[in-house]
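Here is how the chains run, residue by residue.
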Amino acid sequence: MTRSRATLITLLCEDKRHEQFARRFLMERGVSGRRIRSRIAPPGVGDAKRWVRQRYPEEIRAYRERANAINNILIVLTDVDHETVEIRRETLNQACRDAGVDTLKIGDRIALALPRWAIETWILALAGEPLDETERIQPAHKQRVEREWRTAARRLAESCTLGKQLAAIMPASLQTACAEYERVRHAL
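Not measured: the values here are computed from a predicted model.

### Notes on the overall build of the chain
Then, number 1: Scanning the chain from N- to C-terminus turns up 6 helices and 4 strands.
Then, number 2: Reading the chain from its N terminus to its C terminus gives the helix and strand order β-α-β-α-β-α-β-α-α-α.
Then, number 3: Taking 188 residues into account, the globule formula puts the C-alpha radius of gyration at 16 Å, and the chain, at 16 Å, falls close to it.
Then, number 4: A separation threshold of at least 6 residues defines the contact pool for the chain, and within that pool the share at least 24 residues apart is 71%.
Then, number 5: If you sum the accessible surface of the chain, you get close to 9700 Å²; carbon and sulfur atoms cover 49% of it.

Here's what the structure looks like:
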């Protein structure tokens, strides 16, 4: 009997903006919205980064349990804020160790998308706004983010393809996330 090899993509996100951006990016890459399942920190739980960190080992466990039956991908979106991408990655690894779950292994189709400060930094950078990703987004940028997030996701989808590189002016954390996606995209 042949097993179904349908692809399921799980998004583990801090908030709705992360989810909307990632979903739009995936759909621009040709993924059906029906194949995307979202886990978003519920409103009122406090620190959404902590919620993602707590859910991360559970989602890795679920990913690995399904891996033999279906193609599945886990994409984790959580802001780095004032930390570095490396520190946030280690925080997620520590959450796994604390929960008795193996950290990422070679072959895992798990991608970490870790924007410095906020996803809005990526959106504005993709919209051509020259920003330092180590600094907070100013309140004046919020309207532009609201107008540009769909276009930014499309630009990222176009740039994040085999053989294309993101412009050197893009934030390093965005370039890293694109490389993470390319690493796992073969399952799509």
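Picking up where we left off.
### A closer look at the pairing of strand β4 (residues 110-113)
Then, number 1: Burial along β4 is two-sided: the face carrying Ile110 and Leu112 and the face carrying Ala111 and Ala113 are both buried.
Then, number 2: When strand β3 (residues 71-77) meets β4, the two strands line up parallel, connected through 4 bridges. Within β4, the residue paired with Ile75 across the bridge is Ala111.
Then, number 3: A crossover links β3 with its parallel partner β4, the connecting element being helix α3 (residues 85-99), and its sense is right-handed.

### Some points on the nonpolar core
Then, number 1: In terms of nonpolar packing, the biggest core is built from 33 residues, with Leu11, Phe21, Phe25, Leu26, Ile75 and Leu77 touching the most fellow members.
Then, number 2: Among the elements of the structure, β1 (7-13), α1 (16-28), β3, β4, α4 (119-126), α5 (142-159) and α6 (172-184) are those that each provide at least two residues to this core.
Then, number 3: Other than its neighbours up to four places away in sequence, Leu77 contacts Leu11, Leu12, Cys13, Glu14, His18, Ala22, Val52, Ala113 and Ile119.
Then, number 4: Val52, Tyr56, Val80 and Cys96 belong to the second-largest nonpolar core, a separate cluster that totals 18 residues.

### Some points on the sheet that holds β1
Then, number 1: The strand order across the open sheet built from 4 strands is β2-β1-β3-β4, with neighbouring strands paired in parallel fashion. A single partner strand is all that each edge strand has here, and the edge strands are β2 (36-40) and β4. Between one strand axis and the next, the sheet turns by 15° as a mean value, whatever way the strands run.
Then, number 2: Note that β1 and β3 share 7 bridges and pair parallel. Residue pairing across strands places Leu12 opposite Val76, the latter belonging to β3.

### A few points about α4
Then, number 1: Buried residues dominate α4, accounting for 7 of its 8 residues.
Then, number 2: Turning to α4, its buried residues are Ile119, Thr121, Trp122, Ile123, Leu124, Ala125 and Leu126.
Then, number 3: In this structure, the buried residues of α4 make contact with α1, β3, β4, α5 and α6.
Then, number 4: Just downstream of α4 lies Gly128, where phi reads positive at about 95°.

### Focus: the packing of aromatic side chains
Then, number 1: Summed over all chains, the structure comprises 1 aromatic pair.
Then, number 2: Between the aromatic rings of Phe25 and Tyr181, the centroid separation amounts to 4.9 Å while the plane-to-plane angle is 80°, which identifies the pairing as edge-to-face. With a gap of 156 residues between them, Phe25 in helix α1 and Tyr181 in helix α6 connect regions that are remote in the sequence. A single burial state applies to Phe25 and to Tyr181, both of which are buried.

### Some thoughts on the pattern of salt bridges
Then, number 1: All told, the structure shown has 19 salt bridges when counted by the stated rule.
Then, number 2: Residues Glu146 and Arg17 are paired through a salt bridge, measuring 2.4 Å at the closest nitrogen-oxygen approach. Linking Glu146 in helix α5 with Arg17 in helix α1, this pair joins segments that are 129 residues apart in sequence.
Then, number 3: Residue Arg17 is classed as buried on the basis of its relative accessible area of 14%.
Then, number 4: Connected via shared salt-bridge partners are Arg37, Arg39, Arg55, Glu58 and Glu59.

### As for empty space enclosed by the protein
A probe as big as a water molecule, rolled over the atoms, marks out the empty space that is left.
Then, number 1: Under the counting rule described, the total for this entry stands at 1 cavity of 30 Å³ or more.
Then, number 2: The calculated volume of the largest cavity comes to roughly 180 Å³.
Then, number 3: In terms of lining, the largest cavity is formed by 16 residues, of which the most central are Phe25, Ile75, Ala113, Leu156 and Tyr181.
Then, number 4: Looking at the lining of the largest cavity, the elements with two or more residues in it are α1, β3, β4 and α6.

What counts, and where the lines are drawn
- Residues numbered from 1 in each chain as written.
- Predicted model: local features only at pLDDT ≥ 70, side-chain atom pairs only at ≥ 80, totals over all residues.
- Heavy atoms only, no water.
- Helix = DSSP H or I, 4+ residues; strand = E, 2+ residues; numbered from the N terminus.
- Rg over C-alpha atoms; globule rule 2.2 N^0.38 Å.
- Contact = heavy atoms within 4.5 Å.
- Areas by Shrake-Rupley, 256 points an atom, 1.4 Å probe, with all protein chains shown as cover.
- Buried < 20%, exposed > 50% of the residue type's maximum accessible area, 1.4 Å probe, protein only.
- Pairing = 2+ DSSP bridges.
- Right-handed = clockwise from strand over helix to strand, strands pointing away.
- Core = buried A, V, L, I, M, F, W, Y, C linked by side-chain atoms within 4.5 Å.
- Axes fitted to C-alpha atoms, helices over the stretch in contact; angles between N-to-C directions.
- Phe/Tyr/Trp six-rings, centres within 6.5 Å; stacked < 30°, edge-to-face > 60°.
- Salt bridge = Lys/Arg side-chain N within 4 Å of Asp/Glu carboxyl O.
- 1 Å grid on protein atoms, 1.4 Å probe; cavity = no way out; pocket = protein on both sides within 12 Å on 5 of 7 lines; lining within 4 Å.
- Points joined across faces, edges and corners; volume = space filled by probe spheres on them.

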